[in-house]
Amino acid sequence: MKVFLNILLTIIIAQGFCQDLTPNNTGLHTHPNSELSLIDDFKSLDIDTKNSKVTFDFIHENTSGSIGGLDFKVDFNPNDPENALFKGSALVKTLDTDNFLRDGHLMWEKFFYKKKYPKITFLSTQVVEFEKNTFKVIGNLTIKGTQKEIIITFTLNDEKLTGKTTIYTSDYGVNIFDEREKNKLNIQFYFPILK
């Protein structure tokens, strides 16, 4: 009788456990609270690096431009933002404001000093979900040897990941104007998603 009760108890426990199992995208069944289910469901976005771009607007002079030479990695699953990573660099020599003389001046030591500081870099330290499909990427931006923490707000849809942030170039030793407010730069990020 004792053996029979033990077998019956084992069957009941096993059935209860099986009911809690949920299918994942691999076709396997895992317990919803297990670490395995998170690992199996993890899928980072596949970014189209070739067609990605970074643009900017220099507010005081109503000037727009872009920067290229992008070398970056976006390891981001919107269902697991805490484990995301955004890092990358851009080449100063690719700064383009559609004015050859102005672009040349920006390479001088007084401004971006291309010869000594050829790259602008960014490395995220934290990614948090702000609201549905909107994420705050906190990290360190380095320009001309000066590192400052910034926050980039990214929005995600089925086709692209777009971001925006605002900096003041004078905070990085790039003093276009003496007044800080006149050095305001809005930056936009465009990362198309491969299907």
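The coordinates are above.
Quick look at the structure, then. Throughout this document, residue positions are counted from 1 along each chain, in the order its sequence is written. Note on the predicted model: pLDDT of at least 70 is required for a residue's local features to be given, and 80 or more for side-chain atom pairs to be given and counted; whole-chain, interface and lining totals, by contrast, use all residues. Think of the side-chain values as coming from all heavy atoms in the structure, minus any hydrogens and water.

Turning next to the packing of aromatic side chains. Two rings from Phe, Tyr or Trp (for Trp, the six-membered ring) form a pair when their centres are within 6.5 Å of each other. A pair whose planes differ by under 30 degrees is stacked, one over 60 is edge-to-face, and the rest are tilted. What the rule picks out here adds up to 9 aromatic pairs. Pairing Phe72 with Phe191 gives two aromatic rings, centres 4.9 Å apart and planes at 25°, and the pair type is stacked. Taken together, the residues span a long stretch of sequence, with Phe72 in strand 5 (residues 71-75) and Phe191 in strand 11 (residues 184-192) at a distance of 119 residues. To sort residues, take the accessible area from a 1.4 Å probe on protein chains only and compare it with the maximum for the residue type: under 20% means buried, over 50% means exposed, and anything in between is partly exposed. Residue Phe191 is classed as buried on the basis of its relative accessible area of 6%. Judged by centre distance (5.9 Å) and plane angle (45°), the ring pair of Phe154 and Phe189 falls under tilted. Of the two residues, Phe154 is situated in strand 9 (residues 146-156) and Phe189 in strand 11; the sequence distance between them amounts to 35 residues. Every helix listed is a DSSP run of H or I at least four residues long, and every strand listed is a run of E at least two residues long, numbered separately from the N terminus.

We now examine the environment of Leu95. As for its placement among the helices and strands, Leu95 is situated in the loop between strand 6 (85-91) and helix 3 (100-106). Accessibility expressed as a relative area gives 10% for Leu95, which makes it buried. A sequence separation of 17 residues divides Leu95 from Phe112, and the C-alpha atoms of the two residues are 9.9 Å apart.

Below, the discussion takes up the side chain of Asn183. Within the element layout of this structure, Asn183 appears in the loop between strand 10 (160-168) and strand 11. Every residue pair with non-hydrogen atoms within 4.5 Å of one another is taken to be in contact. Discounting residues that sit within four places of it in the chain, Asn183 has contacts with Phe58, Ile167, Tyr168, Thr169, Ser170, Val174, Asn175, Ile176 and Phe177.

What follows is about the pairing of strand 4 (residues 63-67). Here strand 4 shows a buried face lined by Thr63, Gly65 and Ile67 and an unburied face lined by Ser64 and Ser66. Strand pairing follows a simple DSSP-based rule, namely that at least 2 bridges must link the two strands. Hairpin remark: strand 3 (residues 53-58) followed by strand 4, antiparallel, with 4 residues in the connecting loop; positive phi at Asn62, about 50°.

Side chains Phe72 and Val74 of strand 5 all project onto a buried face; the interleaved residues Asp71, Lys73 and Asp75 project onto a face where none is buried. Sheet topology note: the strand 5/strand 6 ladder contains 5 bridges and is antiparallel. Paired with Lys73 across the strands is Lys87, a residue of strand 6.

Looking now at the sheet that holds strand 8 (residues 134-143). Read from one edge of the open sheet, 9 strands run 4-3-11-10-9-8-7-6-5, paired in antiparallel fashion. Every other strand in the sheet has two partners, leaving strand 4 and strand 5 as the edge strands with one partner each. Strand-to-strand, the axes of this sheet are offset by a mean angle of 25°, without reference to chain direction. Of the strand pairs in this sheet, strand 7 (residues 119-131) and strand 8 are connected by 9 bridges, and their pairing is antiparallel. Axes here refer to lines fitted to C-alpha atoms; in helices the fit is confined to the stretch in contact. Angles between the N-to-C directions go from 0 to 180 degrees.

Everything listed here is a matter of geometry and, on its own, says nothing about what the molecule does.
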